[in-house]
Amino acid sequence: MKLIVCGTKYPLKEAIQGATLRNLYVLKMQTGIGIKSLRDTFKRMEASAPKPGEESDPLDFLESEDNLLALQAMVWLCKRHAGEQCTVSEANDFPMSQIGFETEEADAVPVKEDPTKARTDSDPGDERPALEASNT
(Lines give C-alpha, C1' and ligand atoms only; values in the text may rest on other atoms or scores of the structure.)
Protein backbone atom coordinates (compact mmCIF):
# COMPACT_ATOMS: atom_id res chain seq x y z
CA MET A 1 0.00 0.00 0.00
CA LYS A 2 1.26 3.45 -0.83
CA LEU A 3 0.46 6.66 1.00
CA ILE A 4 0.01 9.58 -1.39
CA VAL A 5 0.76 13.03 0.02
CA CYS A 6 0.60 16.07 -2.26
CA GLY A 7 1.17 13.88 -5.31
CA THR A 8 4.17 11.99 -3.88
CA LYS A 9 3.78 8.25 -3.32
CA TYR A 10 5.39 6.70 -0.25
CA PRO A 11 5.60 2.95 0.52
CA LEU A 12 3.64 2.79 3.76
CA LYS A 13 4.54 -0.65 5.09
CA GLU A 14 8.23 -0.18 4.32
CA ALA A 15 8.26 3.17 6.11
CA ILE A 16 6.66 1.71 9.22
CA GLN A 17 8.82 -1.42 9.21
CA GLY A 18 11.97 0.57 8.44
CA ALA A 19 11.43 3.22 11.12
CA THR A 20 14.61 4.00 12.99
CA LEU A 21 14.79 3.91 16.77
CA ARG A 22 15.46 7.64 16.74
CA ASN A 23 12.37 8.34 14.64
CA LEU A 24 10.25 6.12 16.87
CA TYR A 25 11.55 7.95 19.94
CA VAL A 26 10.87 11.38 18.41
CA LEU A 27 7.42 10.23 17.35
CA LYS A 28 6.61 8.97 20.84
CA MET A 29 7.87 12.18 22.48
CA GLN A 30 6.06 14.51 20.06
CA THR A 31 2.79 12.65 19.63
CA GLY A 32 2.58 10.04 22.38
CA ILE A 33 2.00 7.31 19.80
CA GLY A 34 4.21 4.23 19.66
CA ILE A 35 4.91 1.63 17.03
CA LYS A 36 2.36 -0.86 18.41
CA SER A 37 -0.44 1.70 18.28
CA LEU A 38 0.66 2.65 14.79
CA ARG A 39 0.67 -0.97 13.64
CA ASP A 40 -2.78 -1.59 15.14
CA THR A 41 -4.17 1.52 13.45
CA PHE A 42 -2.65 0.44 10.14
CA LYS A 43 -4.36 -2.95 10.47
CA ARG A 44 -7.71 -1.26 11.26
CA MET A 45 -7.24 1.00 8.26
CA GLU A 46 -6.61 -1.97 5.96
CA ALA A 47 -9.60 -3.84 7.39
CA SER A 48 -11.90 -0.85 6.93
CA ALA A 49 -10.95 -0.37 3.27
CA PRO A 50 -13.98 -0.88 1.03
CA LYS A 51 -14.17 -4.18 -0.80
CA PRO A 52 -14.93 -4.22 -4.53
CA GLY A 53 -18.56 -3.19 -5.00
CA GLU A 54 -18.89 -1.76 -1.49
CA GLU A 55 -19.34 1.89 -0.73
CA SER A 56 -17.50 3.43 2.17
CA ASP A 57 -16.96 6.91 3.51
CA PRO A 58 -13.21 7.39 4.14
CA LEU A 59 -14.03 10.12 6.63
CA ASP A 60 -15.40 7.48 9.01
CA PHE A 61 -11.81 6.44 9.72
CA LEU A 62 -10.90 10.01 10.62
CA GLU A 63 -13.61 10.36 13.28
CA SER A 64 -11.30 8.86 15.89
CA GLU A 65 -8.65 11.05 17.53
CA ASP A 66 -6.32 8.03 17.73
CA ASN A 67 -6.71 7.36 14.00
CA LEU A 68 -6.00 11.00 13.16
CA LEU A 69 -2.88 10.97 15.27
CA ALA A 70 -1.73 7.67 13.77
CA LEU A 71 -2.29 9.01 10.25
CA GLN A 72 -0.09 12.00 11.09
CA ALA A 73 2.54 9.60 12.40
CA MET A 74 2.34 7.54 9.19
CA VAL A 75 2.80 10.64 7.04
CA TRP A 76 5.82 11.75 9.06
CA LEU A 77 7.42 8.30 9.07
CA CYS A 78 6.92 7.99 5.31
CA LYS A 79 8.54 11.35 4.70
CA ARG A 80 11.43 10.54 7.06
CA HIS A 81 11.88 7.14 5.41
CA ALA A 82 12.12 8.94 2.06
CA GLY A 83 14.91 11.13 3.48
CA GLU A 84 12.88 14.30 3.98
CA GLN A 85 13.91 16.43 6.94
CA CYS A 86 10.79 17.73 8.67
CA THR A 87 9.03 17.85 12.01
CA VAL A 88 5.77 16.03 12.63
CA SER A 89 3.95 19.36 12.35
CA GLU A 90 5.68 20.34 9.11
CA ALA A 91 5.05 16.91 7.57
CA ASN A 92 1.33 17.23 8.20
CA ASP A 93 0.71 20.81 7.15
CA PHE A 94 -1.26 20.20 3.95
CA PRO A 95 -4.95 20.04 2.98
CA MET A 96 -6.79 16.75 3.50
CA SER A 97 -7.66 16.78 -0.18
CA GLN A 98 -3.97 16.09 -0.86
CA ILE A 99 -3.82 12.71 0.90
CA GLY A 100 -4.79 9.31 -0.37
CA PHE A 101 -3.88 5.65 -0.56
CA GLU A 102 -3.04 3.35 -3.42
CA THR A 103 -3.31 -0.40 -3.22
CA GLU A 104 -0.65 -2.22 -5.16
CA GLU A 105 -1.23 -5.37 -7.15
CA ALA A 106 1.01 -7.25 -4.70
CA ASP A 107 -1.28 -6.21 -1.84
CA ALA A 108 -4.29 -7.75 -3.53
CA VAL A 109 -5.23 -11.29 -2.59
CA PRO A 110 -3.72 -13.58 -5.22
CA VAL A 111 -6.13 -15.63 -7.25
CA LYS A 112 -5.16 -19.28 -7.34
CA GLU A 113 -5.31 -21.00 -10.69
CA ASP A 114 -7.64 -23.93 -11.06
CA PRO A 115 -5.30 -26.89 -11.67
CA THR A 116 -8.00 -28.69 -13.65
CA LYS A 117 -8.39 -25.84 -16.12
CA ALA A 118 -6.38 -26.03 -19.34
CA ARG A 119 -3.86 -23.27 -19.94
CA THR A 120 -4.48 -21.11 -22.99
CA ASP A 121 -1.44 -18.85 -22.79
CA SER A 122 0.95 -21.12 -24.73
CA ASP A 123 1.04 -22.90 -28.04
CA PRO A 124 2.28 -26.51 -27.97
CA GLY A 125 4.09 -25.90 -31.26
CA ASP A 126 6.19 -23.14 -29.64
CA GLU A 127 8.08 -25.48 -27.35
CA ARG A 128 11.70 -26.25 -28.18
CA PRO A 129 12.59 -29.93 -28.58
CA ALA A 130 14.59 -31.49 -25.75
CA LEU A 131 18.33 -31.62 -26.38
CA GLU A 132 19.69 -35.08 -27.07
CA ALA A 133 22.59 -36.41 -25.02
CA SER A 134 25.95 -36.13 -26.74
CA ASN A 135 28.57 -38.91 -26.80
CA THR A 136 31.44 -36.45 -27.00
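Everything below is about the structure shown above.
The structure presented is a predicted model; accordingly, all values stated were derived computationally and were not measured.

Thresholds applied
- Residues numbered from 1 in each chain as written.
- Predicted model: local features only at pLDDT ≥ 70, side-chain atom pairs only at ≥ 80, totals over all residues.
- Heavy atoms only, no water.
- Pairing = 2+ DSSP bridges.
- Helix = DSSP H or I, 4+ residues; strand = E, 2+ residues; numbered from the N terminus.
- Axes fitted to C-alpha atoms, helices over the stretch in contact; angles between N-to-C directions.
- Contact = heavy atoms within 4.5 Å.
- Buried < 20%, exposed > 50% of the residue type's maximum accessible area, 1.4 Å probe, protein only.

Enquirer: So what exactly am I meant to see when it comes to the sheet that holds strand β3 (residues 99-102) here?
Expert: The pairing of strands in a sheet happens through backbone hydrogen bonds and is either parallel or antiparallel. The antiparallel open sheet is built from 3 strands, whose spatial order is β2-β1-β3. Strand pairing shows two members of the sheet lacking a second neighbour, β2 (8-11) and β3, which therefore form its edges. Adjacent strand axes in the sheet meet at a mean angle of 30°, parallel and antiparallel pairs treated alike. In terms of strand pairing, strand β1 (residues 2-5) meets β2 through 4 bridges, oriented antiparallel. Paired with V5 across the bridge in β2 is T8. This element, helix α4 (residues 65-81), spans β1, β2 and β3 of the sheet and lies at about 90° to β1.

Enquirer: Looking at this structure, I do not really get the side chain of N67. What am I missing?
Expert: Tracing the sequence through the fold places N67 in helix α4. Residue classification places N67 among the buried positions, given a relative accessible area of 8%. When residues no more than four places from it in sequence are discounted, the contact partners of N67 are T41, R44 and F61.

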